[in-house]
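# Examining the three-dimensional arrangement
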Amino acid sequence: MLPTEFAPAFPETVLGLGICLVLLVDLYLPARWRDVTYLLALVTLAATAMAVSDIGLSGTTLALGGSFVADPLASFLKLFVLAALATVFVYSRAYLQDSTYNKGEYYLLGLFAALGILVMISGASLLTLYLGLEMQALALYAMVAFNRDSPVAAEAAMKYFVLGAIASGCLLYGISLLYGVTGTVQLAEIAQALRAGGADDAVTLVAVAFVVVGIAFKFGAVPFHMWVPDVYEGAPVSVTLLVGTVPKVGAFALALRVLVEGLGETGVTWEPMLGVLAVLSLGIGNIVAIVQTNLRRMLAYSTIAHVGFILLGFAAGSREGIEAALFYTIVYVIMAAGAFGIVILLGRQGDDADELDDLRGLSQRSPWFALVMLLLMVSMIGVPPLAGFYAKWWVLAALLDAGQLWLAIAGVLFSVVGAFYYLRVVKLMYFDSPAGEAPLRQGAALRLTLSVNGLLVLALGVFPEGLIELCARALG
Amino acid sequence: MPEFGLLSVLIWLPILGGTVMLIIGERSGGSQWFALALSVFTFVLSVPLYAGFDSGTADMQFVERIPWIPAFRVEYFLGIDGLSMPLILLTTFLTPIVVLAGWEVVKLRPVQYFAAFLILEGLMIGVFSALDGLLFYVFWEAMLVPMFLIIGVWGGERRVYATIKFFLYTFLGSVFMLLALIYLYLQTGSYNILAFHAVPLSMAEQIPIFLAFLFAFAVKVPMWPVHTWLPDAHVEAPTGGSVILAAILLKMGGYGFVRFSLPITPDASQTLALLMIALSLMAVVYIGFVALAQQDMKKLIAYSSIAHMGFVTLGFFIAWAILSRTGDTAGIGMGITGGMVQMVSHGFISGALFLCVGVLYDRLHTREIGAYGGVVNTMPIFATFFVLFALANAGLPGTSGFVGEFLVILASFRANFWYALLAGTTLVLGAAYTLWMIKRVVFGAVANDGVAALRDLSVREFMILALMAGGVLIIGLWPAPLVDVMSASVDKLVVQVTQSKL
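Residues numbered from 1 in each chain as written. Chains lettered and ligands numbered in written order. Predicted model: local features only at pLDDT ≥ 70, side-chain atom pairs only at ≥ 80, totals over all residues. Heavy atoms only, no water.

### Here we look at the overall build of chain B
When you go through chain B residue by residue, the secondary structure sums to 23 helices and two strands. On C-alpha atoms alone, chain B measures out to a radius of gyration of 22 Å, which is about the 23 Å that the 2.2 N^0.38 rule sets for 502 residues. Looking at chain B as a whole, 66% of its 502 residues qualify as buried. Contacts in chain B between residues at least 24 apart in sequence constitute 82% of all its contacts with a sequence separation of at least 6. If you sum the accessible surface of chain B, you get close to 15,800 Å²; carbon and sulfur atoms cover 69% of it. (Helix = DSSP H or I, 4+ residues; strand = E, 2+ residues; numbered from the N terminus. Rg over C-alpha atoms; globule rule 2.2 N^0.38 Å. Buried < 20%, exposed > 50% of the residue type's maximum accessible area, 1.4 Å probe, protein only. Contact = heavy atoms within 4.5 Å. Areas by Shrake-Rupley, 256 points an atom, 1.4 Å probe, with all protein chains shown as cover.)

### Quick look at the pairing of strand β2 (residues 74-80) of chain B
Residues and elements named next belong to chain B. In terms of burial, β2 is a largely internal element, seven of the seven residues being buried. Burial of the side chains of β2 extends over both faces: Val74, Tyr76, Leu78 and Ile80 are buried on one face and Glu75, Phe77 and Gly79 on the other. Bridge count for strand β1 (residues 61-69) against β2 is six bridges, and the pairing is antiparallel. Among the inter-strand pairings, Pro67 is bridged to a residue of β2, identified as Glu75. Remark: four residues form the turn of the hairpin made by β1 and β2, two consecutive strands paired antiparallel; Arg73 in that turn has positive phi of roughly 50 degrees. (Pairing = 2+ DSSP bridges.)

### Quick notes on the side chain of A:Thr329
Here A:Thr329 shows up in helix α14 (residues 319-346). Setting aside its immediate chain neighbours within four residues, A:Thr329 contacts A:Lys248, A:Val249, A:Phe252 and A:Ile310.

### Here's the deal with the interface of chain B and chain A
The partner chain A presents 37 residues to the 34 residues of chain B that form the contact. The contact between chain B and chain A buries some 3,200 Å² in all, and 84% of this surface belongs to carbon and sulfur atoms. Three residues stand out in chain B for area buried against chain A, namely B:Phe72, B:Phe171 and B:Leu179, and they jointly supply 17% of the buried area on that side. Run the count over chain B and chain A and you get zero salt bridges. There are five residue pairs in polar contact (both at pLDDT 80 or more) connecting chain B and chain A. Those elements that place two or more of their residues in the side of chain B that touches chain A are β1, α5 (133-142), α6 (144-154) and α7 (159-188) of chain B. Looking at the side of chain B that touches chain A element by element, the count peaks at 15 residues for α7(B). Residues belonging to the side of chain B that touches chain A are distributed by class as follows: 28 nonpolar, three polar and three charged. (Buried area = accessible area lost by both parts, 1.4 Å probe. Salt bridge = Lys/Arg side-chain N within 4 Å of Asp/Glu carboxyl O. Polar contact = N/O pair within 3.5 Å; in protein donor to acceptor, adjacent residues only side chain to side chain. Nonpolar A, V, L, I, M, F, W, Y, C, P; charged D, E, K, R; others polar.)

### Remarks on the packing of aromatic side chains
Where two aromatic rings form a pair, the distance of their centres and the angle of their planes describe that pair. Enumeration according to the criterion identifies 55 aromatic pairs over all chains in this entry. Considering the side-chain rings of A:Tyr390 and B:Trp68, the 6.2 Å spacing of their centres and the 85 degrees angle between planes classify their relative orientation as edge-to-face. In this pair, A:Tyr390 is assigned in helix α17 (residues 387-401) and B:Trp68 in strand β1, connecting two distinct chains. Across the pair, B:Trp68 and A:Tyr390 agree in class, each one buried. Relative to B:Phe139, the ring of B:Trp12 lies with its centre 6.4 Å away and its plane at 50 degrees, an arrangement referred to as tilted. You can see B:Trp12 sitting in helix α1 (residues 6-24) and its partner B:Phe139 sitting in helix α5, a full 127 residues away along the chain. Chaining the aromatic ring pairs together yields one cluster made of A:Phe327, A:Phe389, A:Tyr390, A:Trp393, A:Trp394, B:Trp68, B:Phe72, B:Tyr137, B:Tyr185 and B:Tyr191. (Phe/Tyr/Trp six-rings, centres within 6.5 Å; stacked < 30°, edge-to-face > 60°.)

In structure tokens form, the structure reads like this:
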């Protein structure tokens, strides 16, 4: 066991050690033993999860000089991130196995990204958060460029890196201004200082604006969304899967820690900002998604729209809104993982099968996975009894409770717009005949996990109580 | 007290049955038999709802109540009264018929087809028995998915257009209802519909809530001018889909008015009653003329449905006109009862007419009126049924179509002579478009070789149509049992609508 001072960071320590182990082992493994790396990565995730559950869901402990926090929310989010990443690895392995870049680095960089996200989740000072953010971002930049011979991937990675660097710069600038105003980088102390006065200072407002820009970029909210479609389309499918899922939890944690816990006093300033970003994201995301012909690009814009809904939860400016945003984030990650899992399932060696037309007649080629995709799409529309409905419903309830009627109306109207392109996926799968008889990817682990993933969306829809309760308790 | 009651069985048995069929998949044969057995069994199980129903009380019966999402005080709360019970029986009665109607006809993925109808049945019963606003919404919306697939997979040529239009139209309507439900939750602290009935609301609150509900229900009914999805959906849907759509899905809109709009926002209903009456009469008169011009049998029946549903909303919303003119509430109940009877009756008649068109379509694969003529010469038994249903559609005394229309027109007379006169045009228009269609399709000389080669009804088809004819005639000749079960609930509703919530 570690000294008490380090105990809250025990999971991160385990993960860090695991990463070193994977790094060393993978270096000396011949290519045909790649599965060992995969299994080691899964074991690392499991060990980290055990370390997290050791801390459990109770009590708040500050550590490392007050810059690192272990609270119920952190444990909950960490466990979810680890489980989601394990699912991502299972899907990715099926994809990497018959690709030309089946390298151990995928798992390694994935674990590094996870470490960054875990640090973000536990960040109690602006610098810890920034550290985690950069660790995650650098790992992801490298992953997007994984397919180094592909000009599309290189372009996507370049775009991602340059825009990401600018966003980090904005965030850092905001942080430095906040330090100037309050004289500290610890969130609790910042909150205290702002309560004492200075929340309305022009400098504070500028700082908040810069921080919001940084957060919006990490979420991929309009107008900081330019990287999202390119990265989703250009990166290898396994990387898109990763970029599209787990980092959203990190972005949520970042927003929660900085805006709510640190800058809660300046809510009047950032709530309307997020409201505007949210409505723009809902609008652009849902409308532009309609004209996409590539499934990955469509999902990219759909992500932007979902992010809009998550931000609506923050914009409500109430605790209920945050809970709703948390619930939405969790549900979104589950749905997105499933949708990209289907993309992987459809693909085969040398052909990613990520055009919408590749879904044609899926209900004849595989009734079961067509049904899984149907559940995912209908859940993304927000039709009950699927998990996606409760996510939207909770956000809407929080908005109405806060008296934000117009934001709620914008939310539902754009949901109707969004229904169109999800329905088109259903149409392609069920109403059209298959274009060819290309077999689906095999692999028991992939198929089983994907089935569970789809059924989870239904199960959470029929019995949403458990997750709702968990979200409320984690923030309690 | 988690007790698994009859209503739960009626909801979940078909849904689980349908799910089992989907899991077993297309490999197995005999899916029709399974679906038929299950739907008949469900119908048999639903009979005690009527037999055990206490028509002396307006309280909810067969109540089941367990917490579902305690964090928001959402409950799994079921129960029925005289307004919902007949509609549930209509649902359980029609589902076996729809299964039979698809028997040999559906060649493409029959397992999915029958499974979709079973799941749909469970969801529809859920809509009619839910007493929790969120539970209601869950069933209401969930139903879109199987219907979307039914029209889209087994529909006609323009099915994709029709089904996406259907989905988006209905979805757009219902999201506003969701906002209204959430608002009511914030006011009452639960999603209990009965609590919604009791909560006092100011006019400034009632009007938006009324409009939000109106949007959802008007699309579903459908009322003019948000009816344009219906002709498309009806024409493109397979026969079974059209039957369920016309017979039950439209009734959800009407049911929504009596369960939500009238009791929750009586004052807004009163203020906007004139608008509702105008829209209803518009549907009756204008859509009647539109129906006259149709060349496609299904389209004609679809427009006729809109006109007939106009009677339902008219019957519900003339309440205040009656009250202000006569000063007593007697006529109000008559209007509401008329509307409810009209809904059940229209379920039988429109369903039967779509089945008749389906019989012809299965043989000649066209719905054009011009492609037929002289069918009576080759299909005398079929012609008998078809004429019977057409007459019922025109409101012939002795058939169910008469009862509802008569009650509503009678109630309208108490309100305003002109309302009654305009509503009465349906007797002329309805007869005109229905009988003119019959004349061109059924009577006259044999028009072409196709008609000459027609075979009369098979045993299966005969059974279906005979059952429907039984329903039409029983309600027409002896409506008392139907009216009796409703009366207590209607009386309660009359009290609710005449009591201001301000």
